[in-house]
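Here's the letter readout for the chains.
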Amino acid sequence: MENWKNNKAVFWVLSVPGTAWLVVFFLIPLSLVWILSFGEKSGIIDIVITWTSENYVRASEQVYLEVIWKSVWVSVLATFFCLVIAYPIAFVISFAPSKWKPLLLLAVILPFWINLLIRTYALIAVFRTRGYVNFTLEWIWEKLNAILGFVGLAEYELIGARFEPLSMLYNNFAVIAGIVYVFMPFMVLPLYANIEKLDKSYLEASLDLGASQSRTFWSVVFPLTMPGIISGIILVFIPALGSFLIPDLLGGTNAQMIGNVIERQFKSANDWPFGSALSFLLMYVTFGALALRALLAGRKSGMEV
Amino acid sequence: MAADMTANVSIETPGKPQRRKRRRRDIGPLDYGKRLWMRMFVGAIFVLLYAPILTLMIFSFNDSKRNVVWKGFTFKYYIKAWNNDGLFEAFMNSITIAFFSTIISTILGAMIALLLWRFRFPGKAAYEGAMALPIVVPEICMGVAMLVFFARIGWPSGMPWPFNLSAITIAHIAFSFPFVAVVVRARMAGFNRELEEASKDLGASEWQTFWNVVLPYMRPGVVAGALLAFTLSLDDFVITFFTSGPDTVTFPVKVYSMVRFSVTPEVNAASTVLVVITVIATFLAMRFQSPSRADG
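We now turn to the structure provided with this report.

Bringing the pattern of salt bridges into the picture now. Evaluated as defined, the whole model comprises 9 salt bridges over all chains. Through salt bridges with shared partners, one network takes in Glu2 of chain A together with Arg118, Glu196, Lys200 and Glu206 of chain B.

What follows is the structure, given as structure tokens:
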């Protein structure tokens, strides 16, 4: 690698446009939000920066603490389900015949190139009262009822007098299912990268020495894939915590997350300083998670996200 | 967030030897992919992953407003979506934004990638960290940052098309070019620096070396990065949602406002078009990134 002093002209030509864009259109806007978070509203659109910490104090009020707490546990649960689902998938892909691997990986990656909005919207059609899940359940119910009628049990109404559709939309279940559905690929990829690199002879050694498959998994594979698990958890947890669209479309009024509260401050509630404070709380959590990962994985380069 | 990982995930051949203890139909202890229950689990997950999108696409051809039972094949919702002025305008806006955002973010991203690939400079780790920020910062934070920024500096609104899209385009470039940088840099990691030195030793100028030696090698990465930038821009909802005004609606923002009211086959049709465009772009990007084309 060349020292930048050897060729200053090229160095500046390459670095200035991108750096300037990053500073002007990313770092300055973020700093503005940070400054605003210490401001106070003095009119409908006027904000004075008084360096008050009131906005952060307000974030610790009961109402907001509940939302923050709820966002955290919804994200934790969703991340956990992602891990449980993604691990076997990553495992099967890395033990699949090599000609199948690229195809299987593509199958995992492809959905997250598809618009987040469209994927979330597709779930509405699946979950709503007159959606595909309830349609299938109703069909099963009818068949079951017909069988019960056939064997002469119809009058006992064993499975209810009529089909009751499940309400799966506009609650926490829908939000968690949505997050799992949307962010699952984020979990598969780091796990796959890790399991793929795993020296398979460790597994063979463990099995040869008489350990069972489950013992081999918990004592050998699981600890060795810890870096991948941590990467995956952070890659899912960060966007899950900040998700706005999924709870907005799939969650009802009582399944709101921190992202929805932030959005409301900037749109309908028009309280920018408070919204800014909430955004920065979210940023701090994100940075904390990234720092934790850097600490645990001991990675050096920021570009290898 | 996709591309950097796809770039890092190398596909190696494991060459797993068959173990001595053979059980049920030649399934070795490590042939997890051959176990029936594993296959069923993975198959079920893939079905769950794709079923919602596929049903959405299939039912966009359904000749029924209620959209649950198949009533026959029709193109009428595509025609309706096409004739829906608001939807069409939003679609054109999205394409325009994606076009300009792709050009500028590809150039900026490729330059940053070259910079990081070529030079050693003080504070490089911190610089790389700052460059990765747009990738890791929660979308909603970046969205509000853009909203606050354009409001506070008084970015002119109500300009004639396409200048009214400038704020959204700027925001899209800001989150796209670091992705392009990651993809291009991954490509440059395989470049033999001696080629560059040889070119300069033989008297070529900086520009000639770049144009004739570095760029041909870099090109697949640049194309993949550009396609990534295109899909990122076309797909973005959250950041656009905060930067768009009433007269600068993009396709996802328009679909969002339509979806809030009801699930209509028209939205299904329009979504299907967008899905097809992104899937094609993704396939092209993968082809340009794949190792078989690496020496191109």
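Having seen it, we continue.
We now examine the packing of aromatic side chains. Here the structure, examined in full by the defined rule, presents 46 aromatic pairs over all chains. Each ring, one from Phe11 of chain A and one from Trp12 of chain A, has its centre 5.2 Å from the other, and the planes form 75°; the classification is edge-to-face. Under the relative-accessibility criterion, Phe11 of chain A is labelled buried at 7%. Residue classification places Trp12 of chain A among the partly exposed positions, given a relative accessible area of 45%. The rings of Trp4, Phe11 and Trp12 of chain A together with Phe119, Phe121 and Tyr127 of chain B are connected pair by pair, giving a single aromatic cluster.

A word on the interface of chain B and chain A. Listed by partner, the interface residues are 109 residues for chain B and 97 residues for chain A. Summed over both partners, the interface of chain B with chain A buries about 9800 Å², with 77% contributed by carbon and sulfur atoms. Inspection of the region where chain B meets chain A yields 1 salt bridge. Linking Arg118 of chain B and Glu2 of chain A is a salt bridge whose minimum nitrogen-to-oxygen distance equals 2.9 Å. Taken together, the links from chain B to chain A amount to 10 residue pairs in polar contact (both at pLDDT 80 or more). The element best represented in the side of chain B that touches chain A is helix α2 (residues 36-59) of chain B, accounting for 13 residues.

Note on placement: Thr96 of chain B falls in helix α4 (residues 85-118). Among the polar contacts listed, one links the side chain of Thr96 of chain B to the backbone oxygen of Met92 of chain B, at a separation of 2.6 Å.

So, about the nonpolar core. Counting 180 residues, the largest nonpolar core has Ile179 of chain A together with Met188 and Met218 of chain B as the members making the most contacts within it. Per-element tally for this core: the top contributor is helix α7 (residues 172-197) of chain A, with 16 residues. Those residues in contact with Ile179 of chain A, other than ones at most four positions away along the chain, are Val74, Ala78, Met184, Ala240, Ser243, Ile246 and Met257 of chain A.

What follows is about the environment of Leu32 of chain A. Looking at the secondary structure, you find Leu32 of chain A in helix α1 (residues 8-36). Assessed through its relative accessible area of 23%, Leu32 of chain A is described here as partly exposed. Sequence spacing of Leu32 of chain A and Ser276 of chain A is 244 residues, and the spatial spacing of their C-alpha atoms is 9.0 Å. With near-sequence residues (within four places) excluded, Leu32 of chain A lies in contact with Val148, Phe149 and Arg152 of chain B.

On to the packing of α4 of chain B against helix α7 (residues 166-188) of chain B. Residue and element names in this part refer to chain B. At a closest axis distance of 6 Å, the pairing of α4 and α7 adopts a crossing angle of 40°. It follows from the interaxial angle that α4 and α7 lie oblique. In the packing of α4 onto α7, the handedness of the crossing is right-handed. For the contact of α4 with α7, the class distribution of residues is 17 nonpolar, 7 polar and 1 charged.

Now for unusual backbone geometry. Residue and element names in this part refer to chain A. Here the phi dihedral of Tyr170 falls at roughly 60°; this positive angle occurs in a residue that is not glycine. Of note, Asn270 is a non-glycine position whose phi angle comes to about 55°, a positive value. Structurally, the position occupied by Asn270 is in the loop between α12 (258-266) and α13 (272-297).

To continue, consider the packing of helix α3 (residues 62-94) of chain A against helix α10 (residues 226-241) of chain A. Axes are the key here: two packed helices are described by the angle between their axes and the distance separating the axes. All names here are of chain A. Direction vectors running N to C along α3 and α10 enclose 140°, while the axes themselves pass 9 Å from each other. In this view, α3 runs oblique relative to α10, as classed from their interaxial angle. Seen from above, α3 lies across α10 with right-handed handedness. When α3 is examined against α10, the residues Ser71, Val72, Ser75, Val76, Thr79, Cys82, Leu83 and Tyr87 are found in contact with a partner set consisting of Ile229, Ile233, Val236, Phe237, Ala240 and Leu241. Of the residues that constitute the contact of α3 with α10, the class distribution is 11 nonpolar, 3 polar and no charged.

Criteria and cut-off values
Residues numbered from 1 in each chain as written. Chains lettered and ligands numbered in written order. Predicted model: local features only at pLDDT ≥ 70, side-chain atom pairs only at ≥ 80, totals over all residues. Heavy atoms only, no water. Salt bridge = Lys/Arg side-chain N within 4 Å of Asp/Glu carboxyl O. Phe/Tyr/Trp six-rings, centres within 6.5 Å; stacked < 30°, edge-to-face > 60°. Buried < 20%, exposed > 50% of the residue type's maximum accessible area, 1.4 Å probe, protein only. Contact = heavy atoms within 4.5 Å. Buried area = accessible area lost by both parts, 1.4 Å probe. Polar contact = N/O pair within 3.5 Å; in protein donor to acceptor, adjacent residues only side chain to side chain. Helix = DSSP H or I, 4+ residues; strand = E, 2+ residues; numbered from the N terminus. Core = buried A, V, L, I, M, F, W, Y, C linked by side-chain atoms within 4.5 Å. Axes fitted to C-alpha atoms, helices over the stretch in contact; angles between N-to-C directions. Parallel < 35°, antiparallel > 145°, perpendicular 65-115°, else oblique. Left-handed = near helix turned anticlockwise from the far one by under 90°. Nonpolar A, V, L, I, M, F, W, Y, C, P; charged D, E, K, R; others polar.

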